[in-house]
Amino acid sequence: MAGCISSTLHAQVDSVALRFASTITKDALMDHLRVIASDAFLGRDTGKQGQKMAAAYLKDQFSEAGIPPVQAPDPSSVVEGYFQPFDVIERRSGTIYLVHGPDTLRYGKELFYFQEQLQEGGSVEELAFLPVSAPVDPAVLKGRTVLLDAGQFGEGMAAMRALRTRVEQLQGAGVRTVLVAVDGLPQMIGLMHLSGSHMRLADQEPRAKADQGVQMIMIDRAVMDGMLGRNTIARLRRKKKVRFLPVRFELTVQLSEQRLTAENVLAFIEGTDKKDEIVVLTAHYDHIGVKDGVVYNGADDDGTGTVAMIGIAKAFAQAKAAGKGPRRSVLVMPVSGEEKGLLGSRYYSDHPVFPLANTVADINIDMIGRRDSAHASSPPYIYVIGSDRLSSALHDANERANRTYTDLELDYTYNAESDPNRFYYRSDHYNFARKGVPSVFFFSGVHEDYHQPGDDVEKIDPDLLHQRTLLAFHLAWILANQEERIQVDKPLKP
Ligand SMILES: [Zn+2]
């Protein structure tokens, strides 16, 4: 019986697929990773030198593999050789200062703000302290600069929500600037990942003015106390009504925006009898750059996905050169702008080089080189996210690829629609999924080096990186070669 069961469970092995899978080696993946995750690549920040270097490296790899530059079927789509360029607008952080007497308070040190809200500076002569128990009265507060004490709003996420509601009420009352005194702000900032800049696609509207109606600036409570003199926050906390406090300071705003160009890199392996249908593979090759002189190498995030793209593109190119190329076309596309809000994949999905209606699936890889704490000593595993959201055939194909070739433990924890991490919405596949293209996201989980300078090559597990890359390759091979195109059989949810 056992033999009988296993013969039905194990799908037919495709020896041709195996032959070209064997061209993807652990050593080659790691060699590429040591290059792109080296300090020389400056953390691959979107629109900057490091990202350009990575783009050039990818282009060279694809070109060496004999993959020709892309000929877009639609002449209106802008493709330059291997690149799809897109413009972004970067707004730099740290351009708002609060000057009080001889002291200058700076972003990321004594103060913090969500910069897209900030637009105007000016002198302030007086603060209106609003206790949590006092009502928001427009007659009293309109046009004032209001001071809130974060400590009065409780702790954790509930406090953040209550604070946010309060700030919205103040916006409704015509308040333009709200200062929030926060205990231990520098420590809190230390735990946050400050992105250094805010970026949007150039053809994307900036946030509506209505959203920008109030600017909220958080100031360390000890620093605020220094500005308040004898009216410390601890003393103000006991008040029940609005207190006006003479505090003189200058808010200096120097918003600076610059236009940059970033690239998606395209390796297009044209198919044979079904070449108009496209199987896409994506992984972001950008990371978060250099901060305070430290390079964030992003070996796992997403150096691993990037080198998987190289290995997979070369394997398909070799198959094609040997007369065993895929029936459908395969587009291997390392994208950039991911860390700034999935910008590269968003741009592609809004300006597709190949029609989305002909796009069969997107297989996305973002971080596949490590273990998370939930799998510290588990068998080799991978998180699979999204495979069944639009197409049960995609899900089945992936299970089949894994069962037949890689035998990883497929962990669907993060695929739950109720997953609080919302990973389904947080990497590049989502830009395909939102357009109705069945998408699957491979991921090995977060770890203590996520978005930290310690995300280095030495911590990558070469065997896991290799096995997970092979799963993506075999799935792509199946989707590109099987007779039936996988169908969408689930509704697209907003
Ligand atoms: Zn990532």
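Residues numbered from 1 in each chain as written. Predicted model: local features only at pLDDT ≥ 70, side-chain atom pairs only at ≥ 80, totals over all residues. Heavy atoms only, no water.

**Re the domain arrangement of the protein chain**
Item 1. Looking at the protein chain, the domain boundaries give domain 1 (2-90 + 261-481) and domain 2 (96-255).
Item 2. Relative to domain 2, the C-alpha centre of domain 1 lies at a distance of 41 Å.
Item 3. At the junction of the two partners, domain 1 supplies 14 residues and domain 2 supplies 11 residues.
Item 4. Regarding the contact of domain 1 and domain 2, the summed buried area is about 1200 Å², with carbon and sulfur atoms giving 60% of it.
Item 5. In terms of surface lost to domain 2, no three residues of domain 1 exceed I89, E90 and K340, which account for 41% of the buried area on that side.
Item 6. Counting every contact that joins domain 1 to domain 2 gives three residue pairs in polar contact (both at pLDDT 80 or more).
Item 7. Here the side of domain 1 that touches domain 2 takes five residues from strand β1 (residues 83-92), the largest share from any one element.
Item 8. Here the residues of the side of domain 1 that touches domain 2 are counted per class, giving six nonpolar, three polar and five charged. (Domains from an automatic or database assignment. Contact = heavy atoms within 4.5 Å. Buried area = accessible area lost by both parts, 1.4 Å probe. Polar contact = N/O pair within 3.5 Å; in protein donor to acceptor, adjacent residues only side chain to side chain. Helix = DSSP H or I, 4+ residues; strand = E, 2+ residues; numbered from the N terminus. Nonpolar A, V, L, I, M, F, W, Y, C, P; charged D, E, K, R; others polar.)

**Things to note about the pattern of salt bridges**
Item 1. A full pass over the atoms with the stated rule returns 25 salt bridges.
Item 2. In this structure, E277 and R328 form a salt bridge, with 2.6 Å as the shortest nitrogen-oxygen distance. Here E277 is found in strand β13 (residues 274-284), whereas its partner R328 is found in strand β16 (residues 328-335), with 51 residues between them in sequence.
Item 3. Where salt bridges share partners, they join D45, K48, E90 and K340 into one cluster. (Salt bridge = Lys/Arg side-chain N within 4 Å of Asp/Glu carboxyl O.)

**Overview of unusual backbone geometry**
Item 1. With an omega of -10 degrees, the peptide bond between D301 and D302 qualifies as cis.
Item 2. With respect to the element layout, D302 can be found in helix α10 (residues 299-321).
Item 3. Phi at R44 is positive, roughly 50 degrees, even though this residue is not glycine.
Item 4. When you line up the elements, R44 lands in the loop between α3 (26-36) and α4 (49-64).
Item 5. Judged by relative accessible area, R44 falls into the buried class, the value being 1%.
Item 6. The residue D407 is not glycine, and still its phi comes out positive at about 55 degrees.
Item 7. Residue position: D407 is located in the loop between α12 (392-406) and β19 (409-411). (Buried < 20%, exposed > 50% of the residue type's maximum accessible area, 1.4 Å probe, protein only.)

**Concerning the coordination of the zinc ion**
Item 1. Around the zinc ion, the protein supplies H284 (NE2), D301 (OD), D366 (OD) and D366 (OD) as donor atoms, at distances of 2.0 to 2.6 Å.
Item 2. Coordination at the zinc ion is irregular: its four donor atoms span angles of 52 to 148 degrees at the metal.
Item 3. The sequence pattern describing where the donors of the zinc ion fall on their chain is H-x16-D-x64-D. Of this pair, H284 sits in strand β13 while D301 sits in helix α10, and the two are 17 residues apart along the sequence.
Item 4. We classify H284 as buried; its relative accessible area is 0%.
Item 5. Of the residues examined, D301 reaches a relative accessible area of 2% and is grouped as buried. (Donors = N, O, S within 2.8 Å, 3.2 Å for Na, K, Ca; no water. Tetrahedral: all angles 85-135°; square planar, octahedral: opposite > 155°, others 65-115°.)

**Digging into the side chain of E90**
Item 1. Looking at where E90 falls in the secondary structure, it is placed in strand β1.
Item 2. Excluding its chain neighbours within four sequence positions, the residues that come into contact with E90 are K48, S197, H198, M199, S256, E257, Q258 and L260.

**Let's talk about the nonpolar core**
Item 1. In terms of nonpolar packing, the biggest core is built from 66 residues, with L33, V332, I363, F442, F473, L475 and L479 touching the most fellow members.
Item 2. L33 has contacts with S38, A299, G303, T304, V307, V457, I460 and L465, leaving out every residue within four places of it along the chain. (Core = buried A, V, L, I, M, F, W, Y, C linked by side-chain atoms within 4.5 Å.)

**Examining the sheet that holds strand β4 (residues 111-113)**
The strands that make up a sheet pair up through hydrogen bonds in the backbone, lying either parallel or antiparallel.
Item 1. With mixed pairing, eight strands are arranged side by side in an open sheet as β3-β2-β10-β5-β6-β7-β9-β4. Of all strands in the sheet, those bounded by a partner on one side alone are β3 (103-106) and β4. Neighbour to neighbour, the strand axes of the sheet diverge by 35 degrees on average, direction disregarded.
Item 2. Sheet analysis places β4 next to strand β9 (residues 215-220), joined by three bridges and oriented antiparallel. (Pairing = 2+ DSSP bridges. Axes fitted to C-alpha atoms, helices over the stretch in contact; angles between N-to-C directions.)

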